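# Structural features, examined
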Amino acid sequence: MTKERHHDIALVGGGVIGLSCAWRLATLGCRVRLVDPEPASGASHVAGGMLAPLAETWFGEEELLELGTASLRRWPDFAAELARAADAPSGLGERGTLVVGADSADREQLHEIAEHLAKLGRTVTRHSGRALRRLEPSLAPAVHGGLEVPGDLSVDNRTTLAALREAARRAGVEFHAEPARRVRPGAVELADSELRCDAVVIAAGSGSGQLHEGLAELVRPVKGEILRLSRRSTALPPPAHTIRGPVHGRPVYLVPRPDGLVVGATQYENGFDTRVTVSGVRDLIGDAERLVAGLGEYELAEATAGLRPGTPDNLPLIGWLEPGVLVATGHHRNGFLHAPITADAVTALLRGGDVPAETEPADPTRSGVRR
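Residues numbered from 1 in each chain as written. Predicted model: local features only at pLDDT ≥ 70, side-chain atom pairs only at ≥ 80, totals over all residues. Heavy atoms only, no water.

- The protein is annotated in an unreviewed UniProt entry as glycine oxidase of Actinopolyspora mzabensis.
- Taken from UniProt, the Pathway (unreviewed entry) comment for the protein reads in full: "Cofactor biosynthesis; thiamine diphosphate biosynthesis."
- Under Catalytic activity (unreviewed entry), UniProt gives the following word-for-word description of the protein: "glycine + O2 + H2O = glyoxylate + H2O2 + NH4(+)". (UniProt positions renumbered as here; feature names shortened; annotations may be inferred.)

Now the structure itself:
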């Protein structure tokens, strides 16, 4: 495709990735038809909204770290542009992350992560429990050490989704509520009709594997349960920072909201099951209380589960599946983090430009992702 044409794009999926791509394409003059019976729902609606490539890093995932870091750099401008386009708050929060540990094994894991980041040229600040409590008085007495990651950000996911949906509408995106059944070059098959187009973009999250045979073995649902806690008048204020930590080896995070906290998230390989389990709620509350004091006075306002789109190597899939069919999915825990750079890559691919270098390892034809 060339830069001279105003393309007719059918985009399947209305989560944070789909809405970001649709908005950007429409502002460039493309006719964009977004196919989703419930835009701004699914995993994006459930998400914690962390923008935390350093806090999320793990051994062997250096390309994922580079991708996330490059997208994080885009977020302040992306958020400012979004707020102007939607005439609404973007949801961006600019306080950093504290990654903390209670017992010695958890603190040793944080030490290993800090050493790993140092070898990659990334710096985080190590703190004692006392120093951490000066930064964040809400930390529980059991926290005896951790890391400060000042560059990480967060968003209020539902505020951001509302802004993206409004910005897309104002830019001229057409919303189609009929669900997609299959995708082929130049067409999206619906229940009783089809949408013809120049190109299709598949951004349907964990459901992407059901839309095209090329994705059937590449995208799987990864269940994550998440809680929303509302502060009552008798409760202590929520932390100002995002708080993360391993607790007995289990990852947990607490992301502040104006009226409380988001606590997440469990991780299960259990197909398309979105039922919330007693054990999941129990573990999340118990682990969260070990890191932040006074949560017992909060109201348990919501317990939900979403399905993250996982891939075999944890990198997303961003690129051409075949002529006329482009994919932008498989972002797993990082949909919000990767939204700006994914939108840049998709617009470049559809307009014949150069994609950001950090997205090149996410090409869906890469050998490492094929079984």
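### With respect to the overall build of the protein
- Assigned secondary structure in the protein consists of eight helices and 20 strands.
- Against the globule reference of 21 Å for 371 residues, the protein gives a C-alpha radius of gyration of 20 Å, in line with a compact fold.
- For the C-alpha atoms alone, the extent of the protein along its principal axes is close to 60 × 45 × 40 Å.
- Relative to its full complement of 371 residues, the protein shows a buried share of 55%.
- A total of about 15300 Å² of accessible surface is found on the protein, and carbon and sulfur atoms cover 49% of it.
- Treating the 41 positive side-chain charges of the protein as one cloud and the 48 negative ones as another, the clouds have centres 2 Å apart. (Helix = DSSP H or I, 4+ residues; strand = E, 2+ residues; numbered from the N terminus. Rg over C-alpha atoms; globule rule 2.2 N^0.38 Å. Buried < 20%, exposed > 50% of the residue type's maximum accessible area, 1.4 Å probe, protein only. Areas by Shrake-Rupley, 256 points an atom, 1.4 Å probe, with all protein chains shown as cover. Lys, Arg positive; Asp, Glu negative; His and termini not counted. Charge placed at Lys NZ, Arg CZ, Asp CG, Glu CD.)

### Points about the UniProt feature "domain: FAD dependent oxidoreductase" (unreviewed entry) in the protein
- The UniProt record marks residues 8-349 with the feature "domain: FAD dependent oxidoreductase" (unreviewed entry), using the residue numbering of this structure.
- Measuring from the first to the last C-alpha atom of residues 8-349 gives 14 Å, for a span that is 32% helix and 29% strand.

### Considering the sheet that holds strand β3 (residues 50-51)
- Taken in spatial order, the three strands make up an open sheet running β3-β8-β4, and their pairing is antiparallel. Looking along the sheet, the strands with just one partner apiece sit at the ends: β3 and β4 (92-93).
- With two bridges joining them, β4 and strand β8 (residues 153-155) adopt antiparallel strand pairing. Note on β8: the bridge partner recorded for Leu 92 is Val 155. (Pairing = 2+ DSSP bridges.)

### Side note on the pattern of salt bridges
- Going through the model one piece at a time under the given rule, you end up with 25 salt bridges.
- A salt bridge links Asp 8 to Arg 31; the nearest nitrogen and oxygen atoms lie 3.8 Å apart. Of the two residues, Asp 8 sits in strand β1 (residues 8-12) while Arg 31 sits in strand β2 (residues 31-35), which places them 23 residues apart along the sequence.
- Relative accessible area serves as the criterion here: at 17%, Asp 8 is assigned to the buried category.
- Arg 31 sits in the partly exposed class, given a relative accessible area of 41%.
- Where salt bridges share partners, they join Asp 8, Arg 31, Arg 33 and Glu 174 into one cluster. (Salt bridge = Lys/Arg side-chain N within 4 Å of Asp/Glu carboxyl O.)

### Here we look at helix α6 (residues 157-171)
- Taking 1.5 Å of rise per residue, 15 residues should cover 21 Å, and α6 covers 21 Å from first to last C-alpha, within 8% of that figure.
- Residues Asn 157, Thr 160, Leu 161, Ala 163, Leu 164, Ala 167 and Ala 168 constitute the buried set of α6. Across the axial projection of α6, the buried residues extend over an arc of 165°, all falling on one side.
- One or two residues past the end of α6 sits Gly 172, with phi positive at roughly 105°. (Expected span 1.5 Å × (residues − 1). Arc of directions from axis to C-beta.)

### Quick word on the domain arrangement of the protein
- Here the protein is partitioned into domain 1 (8-75 + 157-218 + 312-362) and domain 2 (97-150 + 221-310).
- Measuring from the centre of the C-alpha atoms in domain 1 to the corresponding centre in domain 2 gives 27 Å.
- Each side of the interface is counted separately: domain 1 has 28 residues, and domain 2 has 30 residues.
- Inspection of the domain 1/domain 2 interface yields three salt bridges.
- Counting the contacts that link domain 1 with domain 2 gives 10 residue pairs in polar contact (both at pLDDT 80 or more).
- Taken together, the elements giving at least two residues each to the side of domain 1 that touches domain 2 come down to α2 (42-46), α3 (62-86) and α6.
- Of the residues forming the side of domain 1 that touches domain 2, the biggest block, four residues, is contributed by α3. (Domains from an automatic or database assignment. Contact = heavy atoms within 4.5 Å. Polar contact = N/O pair within 3.5 Å; in protein donor to acceptor, adjacent residues only side chain to side chain.)

### Thoughts on the packing of helix α1 (residues 16-27) against α3
- Taken N-terminus to C-terminus, the directions of α1 and α3 make an angle of 70°; their axes are 13 Å apart at the nearest point. One element, α1, and the other, α3, form an angle in the roughly perpendicular class. Packed against α1, whose contacting residues are Ser 20, Trp 23 and Arg 24, the element α3 presents Phe 78, Glu 81, Leu 82 and Ala 85 at the interface.
- Classifying every residue of the contact of α1 with α3 gives four nonpolar, one polar and two charged. (Axes fitted to C-alpha atoms, helices over the stretch in contact; angles between N-to-C directions. Parallel < 35°, antiparallel > 145°, perpendicular 65-115°, else oblique. Nonpolar A, V, L, I, M, F, W, Y, C, P; charged D, E, K, R; others polar.)

### Quick look at the sheet that holds strand β20 (residues 325-329)
- Ordered by their spatial adjacency, six strands build an open sheet running β9-β2-β1-β13-β20-β19, and the pairing between neighbours is mixed. Every other strand in the sheet has two partners, leaving β9 (174-176) and β19 (317-322) as the edge strands with one partner each. Shown here is a sheet whose adjacent strand axes are inclined to one another by a mean of 20°, direction ignored.

### Regarding the packing of aromatic side chains
- One pass over the structure, following the stated rule, counts two aromatic pairs.
- Aromatic pair Trp 23 and Phe 78: ring centres 5.5 Å apart, planes at 70°, arrangement edge-to-face. Of this pair, Trp 23 sits in helix α1 while Phe 78 sits in helix α3, and the two are 55 residues apart along the sequence.
- Measuring from centroid to centroid gives 5.0 Å for Trp 75 and Phe 78, while their planes differ by 75°, and the two rings are edge-to-face. In this pair, Trp 75 and Phe 78 are both assigned in helix α3, three residues apart and thus about one turn of the helix distant. (Phe/Tyr/Trp six-rings, centres within 6.5 Å; stacked < 30°, edge-to-face > 60°.)

### Observations concerning the nonpolar core
- In terms of nonpolar packing, the biggest core is built from 41 residues, with Leu 11, Leu 25, Val 32, Leu 51, Val 346 and Leu 350 touching the most fellow members.
- Element by element, the count of residues in this core is highest for α1, at eight residues.
- Apart from the residues lying within four places of it in its own chain, the contact partners of Val 346 are Cys 21, Leu 25, Val 201, Leu 326 and Ala 328.
- By size, the runner-up hydrophobic cluster in this structure holds 21 residues, among which are Leu 227, Leu 229, Leu 261 and Leu 284. (Core = buried A, V, L, I, M, F, W, Y, C linked by side-chain atoms within 4.5 Å.)

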